[in-house]
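Each chain, written out:
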Amino acid sequence: MEIIKYGPYTLFTLIGTILTFIVAIEHIGICFLEMFGKPEQQAKAFDMDINFVKQEAAQVSLANQGIYNGMLGVILIVAFFIFSIPILFNVWKLILSLIVIVAIYGGFTATKRIFLVQMLPALLALIFLFV
């Protein structure tokens, strides 16, 4: 099979790049939900008891977690503008690997939905960047 090239990209790395941007946007969205979402939205999204989510300590915890998710999303995007292609892909591979590991932990400890929503897109992006 001949590899199709688009400038410095192959078809696979182009798909990996698109998926990485999707992961970044998703994490920024999760950030806003965790930091600014209504408790009812947060409880539904994260399979949590509404009475727990309404507690001030839970809101502080969600906001703290949100800023981490937001920064992961931002750094994936900013890296695109800072690094040259070979270095960029290595940086993305590292960050996406960390997201996959954290999502595996979250899938086992918080909600199984994390496997589908957070782990799968990051894992697919990672695979396409390695091919």
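Throughout what follows, the structure given in this document is the object of discussion. (Residues numbered from 1 in each chain as written. Predicted model: local features only at pLDDT ≥ 70, side-chain atom pairs only at ≥ 80, totals over all residues. Heavy atoms only, no water.)

### With respect to the overall build of the protein
- In terms of regular secondary structure, the protein is built from six helices and two strands.
- Sequence-ordered secondary structure for the protein, helices as α and strands as β, is β-β-α-α-α-α-α-α.
- Considering only C-alpha atoms, the protein reaches an extent of 55 × 30 × 20 Å along its principal axes.
- When burial is assessed residue by residue, the protein has 36% of its 131 residues classed as buried.
- For the protein, the proportion of contacts with a sequence separation of at least 24, taken over those separated by at least 6, is 60%.
- By element, 74% of the accessible surface of the protein is carried by carbon and sulfur atoms, the whole surface being about 7900 Å².
- Treating the 7 positive side-chain charges of the protein as one cloud and the 7 negative ones as another, the clouds have centres 5 Å apart. (Helix = DSSP H or I, 4+ residues; strand = E, 2+ residues; numbered from the N terminus. Buried < 20%, exposed > 50% of the residue type's maximum accessible area, 1.4 Å probe, protein only. Contact = heavy atoms within 4.5 Å. Areas by Shrake-Rupley, 256 points an atom, 1.4 Å probe, with all protein chains shown as cover. Lys, Arg positive; Asp, Glu negative; His and termini not counted. Charge placed at Lys NZ, Arg CZ, Asp CG, Glu CD.)

### Description of the environment of Ile25
- Looking at the element boundaries, Ile25 is found in helix α1 (residues 11–36).
- Considering only alpha carbons, one finds Ile25 and Phe52, 27 residues apart in sequence, at a separation of 27 Å.

### Overview of the packing of aromatic side chains
- The final tally for this structure, using the stated rule, is eight aromatic pairs.
- When the centroid spacing of 5.2 Å and the interplanar angle of 90° are considered together, the rings of Phe80 and Phe81 count as edge-to-face.
- Aromatic pair Phe108 and Phe115: ring centres 5.2 Å apart, planes at 80°, arrangement edge-to-face.
- The class for Phe108 is exposed, based on a relative accessible area of 61%.
- In textbook terms, an aromatic cluster arises when at least three aromatic residues are bridged by ring pairs, as seen for Phe21, Phe80, Phe81, Phe89 and Trp92. (Phe/Tyr/Trp six-rings, centres within 6.5 Å; stacked < 30°, edge-to-face > 60°.)

### Some words on the packing of α1 against helix α6 (residues 113–130)
- Relative orientation of the contacting elements α1 and α6 amounts to 155°, with a least axis distance of 7 Å. In this view, α1 runs roughly antiparallel relative to α6, as classed from their interaxial angle. Taken as a pair, α1 and α6 cross one another with a handedness that is left-handed. Taking contact as the criterion, the partners of Phe12, Thr13, Ile15, Gly16, Thr17, Leu19, Thr20, Val23, Glu26, His27 and Ile30 in α1 are, on α6, Val117, Gln118, Pro121, Ala122, Leu124, Ala125, Phe128 and Leu129.
- Across the contact of α1 with α6, the residue classes tally to 12 nonpolar, six polar and one charged. (Axes fitted to C-alpha atoms, helices over the stretch in contact; angles between N-to-C directions. Parallel < 35°, antiparallel > 145°, perpendicular 65-115°, else oblique. Left-handed = near helix turned anticlockwise from the far one by under 90°. Nonpolar A, V, L, I, M, F, W, Y, C, P; charged D, E, K, R; others polar.)

### Focus: the packing of α1 against helix α4 (residues 56–82)
- Two elements in contact, α1 and α4, have axes separated by 7 Å at closest approach and are oriented at 155°. Here α1 is positioned roughly antiparallel relative to α4, judged by the angle of their axes. As α1 runs across α4, the sense of the crossing is left-handed.
- Per-class residue counts for the contact of α1 with α4 are 15 nonpolar, seven polar and one charged.

That is the geometry; function is a separate question.
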